[in-house]
Amino acid sequence: MKTLLIGVAALAFAGCGTSDSKDPMDPDNPDNPDNPDNPDNPDDPTPDMSARDYDELAGVIGAHVRAEFAVQLASAELSNGRVPAGFSVTSSSLAEIRGVGSAGSMNFEFLLYCHDAQIPHQLQPCDGTAHHSHFKLTATGSQSVGSMSMSQINRVADWEIRDLALGKARFLGPDDNTMSTSVADSSYAITYDANYTSVRYLAGQVIPTFGTIDFVLSVERTRGSSVRNFQANAQVSYAKDNNTLVLDGSKNYSIDIQTGAVTKL
């Protein structure tokens, strides 16, 4: 019996050795989708594929930040005791103000309260005399900027808005969001954490003139049958006549702040 088993085993190994077929999941098989030498492997993209992903992601970020200007201006108005079109206050006290709003296909809920400039801060009416407000915003729905359409938006921003009495609203704090969008024949599902550092609007201006937004993004890109998941860091910088976006520290773009369109540098 032992001799028979050895003979069967030898025959089996001989059969494996003479077969022309390759295990499709063999790491040395060039057709294995996980083989880094396979040009269709989405986790190890070709330079051209990676460059295209970055360019399209930059376009999404540019459109997103352009779409939010109206929301930030509305937040500043509410913090100054003025209720912009499309918004309404549902409850109000010195401790907090709550309300809702809508713009196009976007729906908003907000909560805010205001402080003076003293330490420790004291509650103050949100009537245009406060030093700063704390503004928590939830946003859901979809929105478009130019040819870019973003859907399935679920966003929570928790801004501190300073310099209200100066008429120069300055935004600081975290912002979390998920959204989906399509660019040409690609679709993107994006989740990000962001932080605002002194994003300022001068009095009477409807676009920011200073400040930065830092993003940490998780991206799922689908193009045909190729699905790629990757992480990226981004920084948007606002400055007079020099509004920029940098991806992963080395991919540089300029942003047309009027339209949200980006141009690779």
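This text follows the structure it describes.
Reading guide: rules and limits
- Residues numbered from 1 in each chain as written.
- Predicted model: local features only at pLDDT ≥ 70, side-chain atom pairs only at ≥ 80, totals over all residues.
- Heavy atoms only, no water.
- Helix = DSSP H or I, 4+ residues; strand = E, 2+ residues; numbered from the N terminus.
- Expected span 1.5 Å × (residues − 1).
- Buried < 20%, exposed > 50% of the residue type's maximum accessible area, 1.4 Å probe, protein only.
- 1 Å grid on protein atoms, 1.4 Å probe; cavity = no way out; pocket = protein on both sides within 12 Å on 5 of 7 lines; lining within 4 Å.
- Points joined across faces, edges and corners; volume = space filled by probe spheres on them.
- Nonpolar A, V, L, I, M, F, W, Y, C, P; charged D, E, K, R; others polar.
- Axes fitted to C-alpha atoms, helices over the stretch in contact; angles between N-to-C directions.
- Parallel < 35°, antiparallel > 145°, perpendicular 65-115°, else oblique.
- Contact = heavy atoms within 4.5 Å.
- Phe/Tyr/Trp six-rings, centres within 6.5 Å; stacked < 30°, edge-to-face > 60°.
- Core = buried A, V, L, I, M, F, W, Y, C linked by side-chain atoms within 4.5 Å.
- Salt bridge = Lys/Arg side-chain N within 4 Å of Asp/Glu carboxyl O.
- Pairing = 2+ DSSP bridges.

### Examining helix α2 (residues 47–67)
- In this model α2 runs 30 Å from its N-terminal to its C-terminal C-alpha over 21 residues, within 8% of the 30 Å that 1.5 Å per residue would give.
- Counting buried positions along α2 gives 15 out of 21 residues, so the element sits mostly inside the fold.

### Quick notes on empty space enclosed by the protein
- Applying the stated criterion to the full structure yields two cavities of 30 Å³ or more.
- In this structure, the largest cavity spans a volume of roughly 60 Å³.
- Residue lining of the largest cavity: His64, Val71, Met106, Phe108, Ala139, Gln143, Ile153 and Arg155, and that is the complete set.
- Breaking the lining of the largest cavity down by element, the ones donating at least two residues are β3 (106–115), β5 (132–145) and β6 (148–162).
- Residue classes in the lining of the largest cavity are distributed as five nonpolar, two polar and one charged.
- A volume near 30 Å³ is recorded for the second largest cavity.
- Around the second largest cavity, the lining residues are Val60, Ile61, His64, Met179, Ile190, Tyr192, Phe215 and Leu217.
- Looking at the lining of the second largest cavity element by element, the count peaks at three residues for α2.
- Broken down by class, the residue content of the lining of the second largest cavity amounts to seven nonpolar, one polar and no charged.

### Here we look at the packing of α2 against helix α3 (residues 69–79)
- One way to put it is that α2 packs onto α3 with a least axis distance of 4 Å and a crossing angle of 30°. Considering their axes alone, α2 and α3 lie roughly parallel with respect to each other. Contacts between α2 and α3 involve Val65, Arg66 and Ala67 from the former and Phe69, Ala70 and Val71 from the latter.
- Of the residues that constitute the contact of α2 with α3, the class distribution is five nonpolar, no polar and one charged.

### Brief notes about α3
- A large share of α3 lies buried, amounting to eight of its 11 residues.
- By the burial criterion, the buried members of α3 are Phe69, Val71, Gln72, Ala74, Ser75, Ala76, Leu78 and Ser79.
- Phi turns positive one or two residues past the end of α3, at Gly81, with a value near 85°.

### A few points about the packing of aromatic side chains
- Throughout the structure, instances matching the rule amount to nine aromatic pairs.
- For the pair Phe69 and Tyr201, a centre-to-centre distance of 6.3 Å together with 85° between the ring planes defines the contact as edge-to-face. Of this pair, Phe69 sits in helix α3 while Tyr201 sits in the loop between β8 (186–200) and β9 (210–223), and the two are 132 residues apart along the sequence.
- Owing to a relative accessible area of 2%, Phe69 belongs among the buried residues under this scheme.

### As for the nonpolar core
- Formed by 59 residues in total, the largest nonpolar core has its most connected members in Leu57, Ile61, Ile213, Phe215, Leu217 and Val236.
- Sequence-distant contacts of Phe215, that is, excluding residues within four places in its chain, are made with Ile61, His64, Val65, Tyr192, Asp193, Ala194, Ala232, Asn233, Ala234 and Val236.

### Regarding the layout of surface pockets
- Volume-wise, the largest pocket comes out at about 190 Å³.
- In this structure, the largest pocket is lined by 15 residues; those nearest its centre are Ala76, Glu77, Asn80, Gly167 and Ala169.
- When the residues that make up the lining of the largest pocket are grouped by side-chain class, the tally is seven nonpolar, four polar and four charged.

### Some details on the pattern of salt bridges
- One pass over the structure, following the stated rule, counts 14 salt bridges.
- Across the pair Arg223 and Asp53 runs a salt bridge whose closest N-O atoms are separated by 2.7 Å. One end of the pair, Arg223, is in strand β9; the other, Asp53, is in helix α2, and 170 residues separate them in sequence. In this structure, Arg223 and Asp53 share a single accessibility class: buried.

### A few points about the pairing of strand β11 (residues 244–247)
- Bridge count between strand β10 (residues 226–238) and β11: four bridges; the pairing is antiparallel. Note that in β11 the partner of Ala234 across the bridge is Leu247.
- In the sheet, β11 pairs with strand β12 (residues 251–255) via four bridges, with the strands oriented antiparallel. Within the sheet, the bridge partner assigned to Leu247 lies in β12 and is Lys251.
- Counting the residues that bridge the hairpin from β11 to β12 gives three residues, and of these Asp248 lies at a positive phi of roughly 50°.

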